[in-house]
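Listed below, chain by chain, are the residues.
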Amino acid sequence: MGLQKRRPCGAAADINELEYISALHQTGKDELREDGSIQACDIVAFLMSRHGIEVTEEEVLDKIIGTFGQRTVDSRSDIDLIQLLALLLIPLLLKAKQSLDQAQQASNTIRRQSGTCLHRQKGDSRWPDADIIESVLRMMLHDATGDATLRPLTKELIRQILRFYGEGEASNNEQLLDEMVLAVTPDSITDIEGEPILLDQHSFAHGLTHDVQHYNIDFENSMTTNFHDVFSDEQKGDVKEGNSVKTVRTLSCIDYTADTFRSKSYVVILWVAWILTYFSYLQSQNVLTMAKLQCDEFEFGCTLAQGILNWLVIMFQLSVLGSIFIIAASAGNVKNANPFLMVVGICATLIFIVLPFFLELSVGVVSTKKSREGINPVLYHLSVICGFILLIDPVMNIFQRLLPEKSSLLMFVQKHMDNTRLEAAVKRAASFKMNRLVRNACDVHKAAELDGGIGQGLETRYGIAMLAFAKASDQKEELMNFRQTWKRIWNRELFEDEGIWLTTHVLAGNLAQVTVCVLLATLFAIVYSSELFQQGLDHLDKLVPGYSQRWRLLVPLFFGISCGQLTIISIISKYIPSSINTILQFRSGGFETLKGNSFLKLRYAVDNSSLLFGSIFWGTFYTSVIVGFFFMILLGILMWPDFAQIVGVLFANIIGIGLTVMLKWIVLRGYRRVTQQGYYRKNVVLSNVVNIILESWNLALGIGYMLIRGLYFILAATMFIGRVDVPFLSQDACFVGPFELDSFPLIFRKDLLSHDAHRHPYIERLGVMYMLKLRHDDFGSRAGTHWRLLFIYALLPWMRKYRRNDESLVISEFKFAANRMWTGRMPIESEQSFESSKQEAGVPSELEMLRAENNNLRMLLFGHGKRSHLTSSCPPAPSVSGVPINLQKSVNTA
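Please read all numbers here as calculations on a predicted model, not as lab measurements.

Colleague: Help me understand the overall build of the chain in this model?
Modeller: Within the chain, the regular secondary structure consists of 35 helices and 12 strands. Among the 894 residues that make up the chain, the fraction classed as buried is 51%. Taking as baseline every contact in the chain between residues at least 6 positions apart, the subset at least 24 positions apart corresponds to 76%. As displayed, the chain has an accessible area near 43200 Å², and 61% of this comes from carbon and sulfur atoms.

Colleague: Teacher, can you tell me more about unusual backbone geometry here?
Modeller: Glycine aside, a negative phi is what most residues show, and trans is what most peptide bonds show. Although it is not a glycine, Arg492 sits at a positive phi angle of roughly 70°. As for its placement among the helices and strands, Arg492 is situated in the loop between helix H20 (482–490) and helix H21 (493–496). A relative accessible area of 17% places Arg492 in the buried class. Not every positive phi belongs to a glycine, and Ala605 is a case in point at roughly 55°. The residue Ala605 is located in the loop between helix H25 (598–601) and helix H26 (612–639) in this model.

Colleague: So what exactly am I meant to see when it comes to the nonpolar core here?
Modeller: Inside soluble globular proteins, nonpolar side chains tend to come together where they are buried. Counting residues in each nonpolar core, the largest one holds 134 residues, and the members touching the most others are Trp787, Trp798 and Met799. Among all residues touching Trp798, those that are not within four sequence positions of it are Ala11, Ile15, Ala441, Val444, Ala465, Met466 and Phe469. In this structure, Phe261, Tyr266, Ile326 and Ala348 belong to the second largest nonpolar core, which totals 24 residues.

Colleague: Explanation requested: helix H12 (residues 264–282) in the structure shown.
Modeller: Between the first and last C-alpha of H12 there are 26 Å, a value that for 19 residues agrees with the 27 Å anticipated at 1.5 Å per step. Counted residue by residue, H12 has 15 buried out of 19 residues, so it is predominantly covered.

Colleague: Just checking my understanding: could you explain helix H4 (residues 81–88) for this structure?
Modeller: Each turn of an α-helix holds 3.6 residues, which means side chains three or four residues apart point in the same direction. In terms of burial, H4 is largely enclosed, as eight of its eight residues are buried. Taken residue by residue, H4 has Leu81, Ile82, Gln83, Leu84, Leu85, Ala86, Leu87 and Leu88 as its buried positions.

Colleague: Whenever I open this one, the pattern of salt bridges confuses me. Can you help?
Modeller: Oppositely charged side chains may form a pair once their charged atoms are brought near each other. Under the definition given, this model contains 36 salt bridges. Between Arg782 and Glu179 there is a salt bridge, with its nearest N and O atoms 3.6 Å apart. Here Glu179 lies in helix H9 (residues 174–183) and Arg782 lies in helix H31 (residues 782–795), a separation of 603 residues in the sequence. In this structure Arg782 comes out as partly exposed when scored by relative accessible area, which is 32%. Glu493 is the partner of Arg488 in a salt bridge, and the nearest nitrogen-oxygen pair spans 3.1 Å. Three or more residues are tied together by salt bridges with common partners; here these are Lys155, Glu156, Arg159, Glu174 and Asp178.

Colleague: Honestly, a nonpolar patch on the surface in this entry has me stumped. Any pointers?
Modeller: Judged by side-chain polarity, Phe630, Leu634, Leu638, Leu650, Phe651, Ile654, Ile655, Leu659 and Leu715 come together as a nonpolar surface patch covering roughly 800 Å² of accessible area. Every element with two or more residues in the nonpolar patch is listed here: H26 and helix H27 (644–675). The leading source of residues in the nonpolar patch is H27, at five residues. Here Leu650 is to be found in helix H27.

Colleague: I'm lost on the packing of aromatic side chains in this one. Help?
Modeller: Centre-to-centre distance and the angle between the planes together describe a pair of aromatic rings. Evaluated as defined, the whole model comprises 34 aromatic pairs. In textbook terms, an aromatic cluster arises when at least three aromatic residues are bridged by ring pairs, as seen for Trp274, Tyr278, Phe279, Phe325, Phe352, Phe617, Trp618, Phe621 and Tyr622. For Lys433, the ring lying beneath its charged end belongs to Tyr762, and the centroid distance is 5.8 Å. Positioned above the aromatic ring of Trp501, the side-chain terminus of Arg759 is 4.0 Å from the ring centre.

Colleague: Looking at this structure, how should I read the packing of helix H7 (residues 155–164) against H9?
Modeller: Two quantities define a packed helix pair, namely the angle between the helix axes and the distance between the axes. Relative orientation of the contacting elements H7 and H9 amounts to 110°, with a least axis distance of 10 Å. On the basis of the axis angle, H7 is roughly perpendicular to H9. For the element pair H7 and H9, the recorded crossing hand is right-handed. Judged by residue contacts, Lys155, Ile158, Arg159 and Leu162 of H7 engage Glu174, Leu177, Asp178, Met180 and Val181 from H9. Taken together, the residues of the contact of H7 with H9 break down into five nonpolar, no polar and four charged.

Colleague: How should I be thinking about the side chain of Asp756 in this particular structure?
Modeller: Take Asp756: it is sitting in helix H29 (residues 744–759). Within the local environment of Asp756, its side chain forms a polar contact with the side chain of Arg587, the two groups lying 2.9 Å apart. Dropping the residues within four chain positions of it, Asp756 is found in contact with Tyr20, Leu24, Ile583, Arg587 and Ile763.

Colleague: I tried to follow the confidence of the model for the chain on my own but got confused; where do I start?
Modeller: In low-pLDDT segments, the atomic positions of the prediction should not be examined closely. Model confidence for the chain is summarised by a mean pLDDT of 80, while 80% of its residues fall at 70 or above. Mean pLDDT in the chain bottoms out at helix H32 (residues 810–819), which sits at 38, and peaks at helix H30 (residues 761–775), which reaches 95.

Colleague: Just checking my understanding: could you explain the environment of Ile346 for this structure?
Modeller: Of note, Ile346 is situated in helix H15 (residues 339–358). Residues Ile346 and Ile392, spaced 46 residues apart in sequence, show a C-alpha to C-alpha distance of 9.4 Å.

Colleague: How should the environment of Asp143 be read in this particular structure?
Modeller: Take Asp143: it is sitting in helix H6 (residues 132–145). Taking relative accessible area as the criterion, Asp143 reaches 0% and is therefore assigned buried. Residues Asp143 and Ala794, 651 residues apart in the sequence, show an inter-C-alpha distance of 8.1 Å. Among the polar contacts made by the side chain of Asp143, one reaches the side chain of Tyr165 at a distance of 3.2 Å.

Colleague: For this particular structure, what's the right way to read the side chain of Gln83?
Modeller: By secondary structure assignment, the location of Gln83 is in helix H4. When sequence neighbours within four positions are dropped, the list of residues in contact with Gln83 reads Phe68, Gly69, Gln70, Asp78, Leu789 and Arg803.

Colleague: What is the right way to look at the packing of helix H24 (residues 551–588) against H29 in this model?
Modeller: Remark: H24 packs on H29, axes separated minimally by 11 Å, with the N-to-C direction vectors making an angle of 65°. You can see that H24 and H29 cross each other, and the crossing is right-handed. Residues Tyr575, Ser579, Thr582, Ile583, Phe586 and Arg587 of H24 form the contact with H29, whose own contacting residues are Phe748, Arg749, Leu752, Leu753 and Asp756. In terms of residue class, the contact of H24 with H29 is built from six nonpolar, two polar and three charged.

Colleague: How should I be thinking about the environment of Ala429 in this particular structure?
Modeller: With respect to the element layout, Ala429 can be found in helix H18 (residues 420–451). With 64 residues separating them in the primary sequence, Ala429 and Glu493 have C-alpha atoms 9.2 Å apart. Ala429 has contacts with Phe495, Glu496, Asp497, Glu498, Gly499 and Pro761, leaving out every residue within four places of it along the chain.

Reading the values: the criteria
- Residues numbered from 1 in each chain as written.
- Predicted model: local features only at pLDDT ≥ 70, side-chain atom pairs only at ≥ 80, totals over all residues.
- Heavy atoms only, no water.
- Helix = DSSP H or I, 4+ residues; strand = E, 2+ residues; numbered from the N terminus.
- Buried < 20%, exposed > 50% of the residue type's maximum accessible area, 1.4 Å probe, protein only.
- Contact = heavy atoms within 4.5 Å.
- Areas by Shrake-Rupley, 256 points an atom, 1.4 Å probe, with all protein chains shown as cover.
- Core = buried A, V, L, I, M, F, W, Y, C linked by side-chain atoms within 4.5 Å.
- Expected span 1.5 Å × (residues − 1).
- Salt bridge = Lys/Arg side-chain N within 4 Å of Asp/Glu carboxyl O.
- Patch = residues over 30% accessible without salt bridge, like charges linked within 9 Å, V, L, I, M, F, W, Y side chains within 5 Å.
- Phe/Tyr/Trp six-rings, centres within 6.5 Å; stacked < 30°, edge-to-face > 60°.
- Lys NZ or Arg CZ within 6 Å of the ring centre and 35° of its normal.
- Axes fitted to C-alpha atoms, helices over the stretch in contact; angles between N-to-C directions.
- Parallel < 35°, antiparallel > 145°, perpendicular 65-115°, else oblique.
- Left-handed = near helix turned anticlockwise from the far one by under 90°.
- Nonpolar A, V, L, I, M, F, W, Y, C, P; charged D, E, K, R; others polar.
- Polar contact = N/O pair within 3.5 Å; in protein donor to acceptor, adjacent residues only side chain to side chain.
- pLDDT = per-residue confidence, 0-100.

Laid out in structure tokens, this is it:
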């Protein structure tokens, strides 16, 4: 069963991705919180697993959740999904604020302080549109007051906005209201003659960003890790400001879950080198002889004991010697490694891989005595080649420390031999994806504006945006095909834009598959050049005097090995695109995540991903060998003279069945046009008669159909032995009672999700925010958090359902229902209180706004009456061509 061909896109896919990161971030064993909230235990586990930071739940509650979430006396202190989005938006808001500041200074070219030009114009994929803050502010004012006109900032205005968006508890918190008023007051703006400050885009931007200035927007353009961005001075022993954090040793050099080692290419080559070394020196005939028992090998007891001993030796070789080698050789594969550890890694490579090629000795279960038979010489040479390649990396690591900080050679080394480049790409991808989320939300507002208006300025954008989002939520796009995927890998779009992190298991397995391809080709060359094989060919030539018959063996042999090699190449080329498409399906909502029961299975026994490397290697080997033998034997039978008569009869029957089936297809094609229309019959009598004829005829055709079906299944099953990345059996066929027949696709997805739980661009950015809060007590505030929540409410009103706020006023619930065309009445006291505040502000009454809004929403849905046109947008006043075609279609056809 292949991957789905389509996946969600647009604003709905963005929300699905937020649900996905919540499902990854949560650490519950038996269930997931479907509201998407994150608790202290989740943050503690993430910081330890990803960065090795040891922090208590109480610290997280006090510093992180107490500032960015809601801390209550019960056990539900958490950060809900909309508050997580508020954290993710911080860099985007800082960029928008910087653009506003530069525009205020009448600067046409926006530059960094360092002088490097930044692309901040509209259309840049990583920089927000310059008018986004103003647009959202006007939407917010229009929704809460009925008028988008800028007005003076007062506590009553903030209270009114908070109440409209359902923040009832916050609207009654006088201290919070005072803090929010102060937050929107830039230092450069003073209160002239006691006049209130105007709530415009500049003051609003200050309120959104005043408390998060410790985040440096240049982080994403630096070739550094996230931990370095936050704690760089602490790593140098120069703590100038902020708090320190306690870190623990995590053996990052062998961390294959978060991939926190320095060089991924080193790890990939290391594992392939270990495979070659194992088969060269640990599974040689000398080792097998030393592990042989002195007993009668034909007795069952002796055979059993020998089998147990053999597997104990294999376990010792791989588990003990293999672990020692991998850990020692990886010791220097960490960022800023101690020179002593790099020397340890070099020595391990020399002792285990390089020296055995030049020395011959036998010690215990290890023998370096060389055999010149078969494929052994090739294994020896491939092993030592990998050993020399491994030695290059630590030498370059030592050498790069002698280079100037900004030298081109150092940049080249970091680009090709350091994971820092990949982590920097993930940082840039976070900006790209968050900016795309905001622009997709703007596209929904544009589509709502295009389809119908706010009559007389009385309806809320909140309501029409919700309606437009519902209409556009079923949009889907085609998955990338094979060619598109490799093209986007080559130009690095998938890394720089989507933040794809290829797992070490997949890359190492891919290189191991290449090794299988080389070894099988070499094995074929050795067999072909062997004396025994050449004698067989000479014997064939003597069967028919005067005619060479060796082609009857050579043609099937070459055809079989070619099919086997092509199968390996096909599998190699599909693993990485399959991994990428699977991850994109999870991120966009193509597969169940937060609200699906099947996702829980993917969170259990994640350590089973250690099976993948060996499974990919041996699965590819088995597939290639079976496919090669199948086609070789098939073609050999067809070409062998003794089977000529049988083959002739077989082909005659196949041609007869084929012609009969073709005749049936031609007749039925014309019959179906005349008698069938969907599930209904135009001529019932003729249809019934034809069905009886077909039922009888298919009794004979079924023989061929089932034979072909069986051959298809056998061939497909053989091809999928080496494809552990996609499920071959359906959910119904995969289980026999409680036993799962094929669990490897599940394990493959566990590995992808485990890496994404550490390396997804959004989760990496959340990690930066967590660390900044632990470092700086003044990073973030309640007032800034609530201003960012209001920004989200206005721009992404469909996120309202994820707000875990039990104290919301009834007025908000009624308002939200009205936007979905429900009718009802609010309590009289709440109605009178809210109406009085609206009258004081000089705006239409709530009931007038609701009547007009419901009228327009009905017209949007049912097309009756005259609809007015919106007068503003996000960004303002786009033309029809400025709206994505898919959104136009979804709105116009709903």
